[in-house]
Amino acid sequence: MLFDIWTVARKDLKEIFIQRGSLRSGIANVLIVIAISGILFPLQWGVEWINSPVGLISILWLPLFMSMGLVADAFAGERERHTLETLLASRLSDSSILYGKMLASILYGFGITLAGLLLGAVTVNLSHPGAGFYPVPYFLGALGLSLLGLVLITGLGVLISLRASNVRQAYQRMSLGFIVLWLPIIIAPKILSDATKLQISQQLAAINEMQAIIAAAAVLLVLDLGLIFMANVRFRRSQLILD
Amino acid sequence: MKDWIINTDNLTRDFNTARPRTTGNPSEDGPKIIRAVDNLNLRIPQGIVFGFLGPNGSGKTTTIRLLLGLLEPTQGKAEVFGLDTRTQAGEIRKRTGALLEHTGLYERLSAEDNLEFYGRVAHMTGTDRHARIKELLVHMGLWERRHETVGPWSRGMKQKLAIARAMMHNPQLIFLDEPTAGLDPIAAAALREDLSRLASSSQVTIFLTTHNLVDAEKLCEQVAVIRSGKMLAAGKPEELRARNGNIQAEIFGTAFTPELLAQVRSRPEVAEIRPENNHLVLQLTAGADMSPIVTQLIQGGAQIEEVRKSKASLEDIFMELVEDQPKEA
């Protein structure tokens, strides 16, 4: 089964990199995102980029957003391009197809995160010699949260993509979901009173950063497992054929 | 007992279709059940090319989906290689190749990558994959273009590649939905030859659907005609002709007067007679003898230059079978 999962993921990754017609343009897209997260942001933050977990975590949304577009394509795209039925008529098991597609999207986003973080360390050290590498707990925490966040987005994306008739519809629904998730964070500073904001910031300052990361990871893990379970239940060959 | 590669017993599949609630009458509004496949009984032996013929929407694609285990039957059962399509579909799909309604090619990938992917899916080793890809692409005349992405290719080239993909892992049973669609006559003839050779020399069974009845007649050892999910006839093409087909005759000459035609029309063995340009076209009942008719025409004053007698083609029989059946509401 692992070989089958990797076979599907490998094919999807290949398609991702040449989706605009050439491998060169696919790689260029990825390099632009890596440059934003690995050069632009670290230069703005300076040495703080290395020493504060806030900077690291703040760039995690970028690969999430990139993966969201890909996972929308996972099933709705195969259906739209009339390749799904042939894939379903192959010997691949339901799980191999499902996990293979999820893996492709996760690997893509995780690769961008990892490359961005490593390039970020190089950038900061070039602009501020002797800044060193990230503290290991922060670095691992950022990677862990990235991975769990990607599983979350991918799981949600699979559920949406399975129900969407085409890529555009899937992408629109996912974007809407993304906006709904981010909306409270964006509007909260506008609607909360100064006293409440002060109280929240004091509470946040009191929280141990690593404990916060671990708590967030635990919440994400539970959500991820639930979504994977739901995707497994929803993914049925006979249902996909009828859809 | 003979081992059938495909064996179905009263295979039936219904679909629920949503209808808008407009009349307020519960019997007319709400979901409607459509029977796509209706008590289908198929017995297909190994190593033949089997033609599954029927007009659009007759249930051909649903039957293939049922045989591949992509859909579950509502009633009845189907066995492929003696395996139940409900419970052993994975094993069935391992041993089959399929070209379905669409080519199913990944158009962003190259021809080689498409075959490589399905070779990996079939767990072929790297050496076997590369050898098989070369063999198939060379045979299909696509080897020189193997690195091109297939998106901009012509329909015929895509069709060839999709057929190659269906054959990639040397399956024992291949489902081909309209395989010659989009192929030029030379490529279509080459494919017919390939399929015929594959069936006879490698004992591969080929289940194909086609609207091209000339193809079916040339290629298929057995055919079945389906309409509205029901099987109308099955057997060898010559058996179907003997069972259903009238004999057709053409008589070239002059002086075919209306009175003479009326006399010939009254003969019991003449189902139909009609003048066309400078000749007569006659539909005769099975086993009819032409000589008394020709004698009667000559005695009636007709000048006969040539008489041609032919059996009904598979197309004639298909049309006859399909048109004879009342269309279901």
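Not measured: the values here are computed from a predicted model. Each chain carries its own residue numbering, running from 1 in the written order of its sequence. Numbering of ligands from 1 and lettering of chains from A proceed in the order in which they are written. At least 70 in pLDDT is required for a residue's local features to be given in this predicted model, at least 80 for side-chain atom pairs to be given and counted, and no such filter applies to totals for whole chains, interfaces and linings, which use all residues. Side-chain figures throughout are based on the complete set of non-hydrogen atoms in the structure, without hydrogens or water.

## What to know about the overall build of chain B
Right, on to step 1. Secondary structure elements are taken from DSSP: a helix is a run of H or I of four residues or more, a strand is a run of E of two residues or more, and numbering for both begins at the N terminus. Each helix and strand counted, chain B has eleven helices and 15 strands in total.
Right, on to step 2. When contacts within chain B are restricted to residue pairs at least 6 apart in sequence, long-range pairs at least 24 apart make up 68% of them.
Right, on to step 3. Using the Shrake-Rupley algorithm and a 1.4 Å probe, accessible areas are obtained, with residue cover drawn only from the displayed protein chains. Carbon and sulfur atoms make up 48% of the accessible area of chain B, which totals about 15,500 Å². Any two residues whose heavy atoms approach within 4.5 Å are treated as being in contact.

## Description of the packing of helix α1 (residues 2-17) of chain A against helix α3 (residues 111-121) of chain B
The relative placement of two packed helices is expressed as an angle between their axes plus a distance between the axes.
Right, on to step 1. Interaxial distance between α1(A) and α3(B) falls to 9 Å at its minimum, and their mutual angle equals 165°. In terms of orientation, α1(A) and α3(B) fall into the roughly antiparallel class. Remark: the crossing between α1(A) and α3(B) carries left-handed chirality. Facing α1(A), whose interface residues are A:Phe3, A:Asp4, A:Thr7, A:Val8, A:Arg10, A:Lys11 and A:Lys14, α3(B) presents B:Asp113, B:Phe117, B:Arg120 and B:Val121.
Right, on to step 2. A per-class count over the contact of α1(A) with α3(B) returns four nonpolar, one polar and six charged. In this analysis, axes come from line fits to C-alpha atoms, helices being fitted only over the stretch in contact, and the angle between any two N-to-C directions falls in the range 0 to 180 degrees. Should an angle fall under 35 degrees it is taken as roughly parallel, and over 145 as roughly antiparallel, whereas 65 to 115 is taken as roughly perpendicular and any remaining angle as oblique. Handedness of a crossing follows from how the near helix is turned relative to the far one, being left-handed for an anticlockwise turn of less than a right angle and right-handed for a clockwise one. Amino acids are sorted into nonpolar (Ala, Val, Leu, Ile, Met, Phe, Trp, Tyr, Cys and Pro), charged (Asp, Glu, Lys and Arg) and polar (every other residue, Gly among them).

## Here we look at helix α5 (residues 155-167) of chain B
Right, on to step 1. Residue count minus one, scaled by 1.5 Å, sets the expected span of a helix. Between its first and last C-alpha, α5(B) extends 18 Å over 13 residues, near the 18 Å set by a 1.5 Å rise per residue.
Right, on to step 2. When a residue's accessible area, from a 1.4 Å probe over protein chains only, is under 20% of the maximum for its type it is buried; when over 50% it is exposed; and in between it is partly exposed. Of all 13 residues making up α5(B), eleven are buried, and the element is well covered by its neighbours.
Right, on to step 3. Among the residues of α5(B), B:Gly156, B:Met157, B:Lys158, B:Gln159, B:Leu161, B:Ala162, B:Ile163, B:Ala164, B:Arg165, B:Ala166 and B:Met167 are the ones counted as buried.
Right, on to step 4. Tucked inside the fold, the buried residues of α5(B) contact α6 (84-88) of chain A together with β7 (96-99), α3, α4 (126-140), β8 (173-177) and α6 (185-202) of chain B.

## A look at the domain arrangement of chain B
Right, on to step 1. Once the domains are mapped, chain B shows domain 1 (6-19 + 34-241) and domain 2 (245-311).
Right, on to step 2. Distance between the C-alpha centres of domain 1 of chain B and domain 2 of chain B: 43 Å. In this entry, domain limits derive from an automatic or database-based domain assignment.

## A few points about the layout of surface pockets
All names here are of chain A.
Right, on to step 1. Using only the protein atoms, space was sampled on a 1 Å grid; points where a 1.4 Å probe fits but cannot get out form cavities, open sets with protein on both sides within 12 Å along at least five of seven lines form pockets, and lining residues are those with an atom within 4 Å of a point. Grid points are joined across faces, edges and corners, and a volume is the space filled by probe spheres set on the points. When its volume is computed, the largest pocket comes out at roughly 1,000 Å³.
Right, on to step 2. The wall of the largest pocket is formed by 27 residues, among which Ile57, Leu145, Trp182, Ile185 and Ala216 lie closest to the centre.
Right, on to step 3. Counting residues per element, the ones that place at least two in the lining of the largest pocket are α4 (53-58), α5 (61-80), α8 (136-163), α9 (167-191) and α11 (209-234).
Right, on to step 4. Looking at the lining of the largest pocket residue by residue, the classes come out as 22 nonpolar, four polar and one charged.

## As for the sheet that holds strand β10 (residues 222-227) of chain B
Residue and element names in this part refer to chain B.
Right, on to step 1. The strand order across the open sheet built from six strands is β7-β8-β9-β4-β10-β11, with neighbouring strands paired in mixed fashion. Each edge of the sheet is formed by a strand with only one pairing partner; in this case those strands are β7 and β11 (230-235). Taken pair by pair, the neighbouring strands of this sheet meet at an average axis angle of 15°, ignoring direction.
Right, on to step 2. Here, strands pair whenever DSSP counts at least two bridges between them. Alignment of β8 against strand β9 (residues 205-209), held across five bridges, turns out to be parallel. Looking at β9, one finds that leucine 173 is bridged to threonine 205.
Right, on to step 3. Each of β7 and β8 touches α5; the most contacted strand, β7, lies at about 165° to it.

## Digging into the interface of chain A and chain B
Right, on to step 1. With 27 residues of chain A at the interface, the matching set in chain B holds 25 residues.
Right, on to step 2. Summed over both partners, the interface of chain A with chain B comes to about 2,800 Å²; 62% of that surface belongs to carbon and sulfur atoms.
Right, on to step 3. It is A:Glu85, A:Thr86 and A:Arg91 in chain A that bury the most area against chain B; as a group they hold 24% of the surface buried on that side.
Right, on to step 4. The salt bridge criterion pairs a side-chain nitrogen of Lys or Arg with a carboxyl oxygen of Asp or Glu, the two atoms within 4 Å. For the interface between chain A and chain B, the tally reads three salt bridges.
Right, on to step 5. A salt bridge links B:Arg65 to A:Glu85, with the nearest nitrogen and oxygen atoms 2.6 Å apart.
Right, on to step 6. Residues adjacent in sequence count toward polar contacts only when both atoms are side-chain atoms; beyond that, a polar contact is any pair of N or O atoms within 3.5 Å, and within protein one must be able to donate a hydrogen and the other to accept it. Our enumeration of links across chain A and chain B arrives at nine residue pairs in polar contact (both at pLDDT 80 or more).
Right, on to step 7. The biggest single contributor to the side of chain A that touches chain B is α1(A), with eight residues.
Right, on to step 8. Class assignment of the residues belonging to the side of chain A that touches chain B gives a composition of nine nonpolar, seven polar and eleven charged. Put simply, buried area is the surface a 1.4 Å probe can reach on two separate parts but cannot reach once they are joined, added for both.

## What to know about the side chain of B:Thr205
All names here are of chain B.
Right, on to step 1. Topologically, threonine 205 is positioned in strand β9.
Right, on to step 2. Taking relative accessible area as the criterion, threonine 205 reaches 1% and is therefore assigned buried.
Right, on to step 3. Here the side chain of threonine 205 touches glycine 47 through a polar contact of 2.9 Å, landing on its backbone nitrogen.
Right, on to step 4. If sequence neighbours within four positions are ignored, threonine 205 has contacts with Ile5, Ile44, Pro45, Gln46, Gly47, Ile48, Gln172, Leu173 and Ile174.

## Some remarks on the pattern of salt bridges
All names here are of chain B.
Right, on to step 1. Summed over all chains, the structure comprises 29 salt bridges over all chains.
Right, on to step 2. A salt bridge links arginine 267 to glutamate 269; the shortest N-O distance between them is 3.1 Å.
Right, on to step 3. Glutamate 276 is paired through a salt bridge with arginine 274; the nearest N and O atoms lie 2.9 Å apart.
Right, on to step 4. By relative accessible area, which is 30% here, arginine 274 ends up partly exposed.

## Side note on the confidence of the model for chain A
Right, on to step 1. Every residue carries a pLDDT, the predictor's confidence in it, which falls somewhere between 0 and 100. Averaged over every residue, the pLDDT of chain A is 84; residues scoring 70 or more account for 98%.
Right, on to step 2. Across chain A, element-level confidence peaks in α6(A) with a mean pLDDT of 91 and bottoms out in α4(A) with 72.

## Some remarks on the environment of A:Leu145
Residues and elements named next belong to chain A.
Right, on to step 1. Following the sequence through the fold, leucine 145 ends up in helix α8.
Right, on to step 2. Classification of leucine 145 as buried rests on a relative accessible area of 10%.
Right, on to step 3. Separated by 72 residues in sequence, leucine 145 and alanine 217 have C-alpha atoms that sit 5.9 Å apart.
Right, on to step 4. If near-sequence neighbours (up to four positions away) are discounted, leucine 145 is found in contact with Ile57, Leu60, Ile213, Ala216, Ala217 and Leu220.

## Points about empty space enclosed by the protein
Right, on to step 1. Counting across every chain of the model gives two cavities of 30 Å³ or more.
Right, on to step 2. Taken as a whole, the largest cavity spans an internal volume of roughly 180 Å³.
Right, on to step 3. Lining of the largest cavity is provided by 17 residues; of these, A:Ser90, B:Thr96, B:Gly97, B:Tyr118 and B:His169 occupy positions nearest its centre.
Right, on to step 4. Those elements giving two or more residues to the lining of the largest cavity turn out to be α2 (89-94), β7, α3 and α5 of chain B.
Right, on to step 5. Considering each element in turn, the lining of the largest cavity owes the most residues, three residues, to β7(B).
Right, on to step 6. Here the lining of the largest cavity is built from residues that sort into eight nonpolar, five polar and four charged.
Right, on to step 7. Considered as a void within the structure, the second largest cavity measures approximately 50 Å³ in volume.

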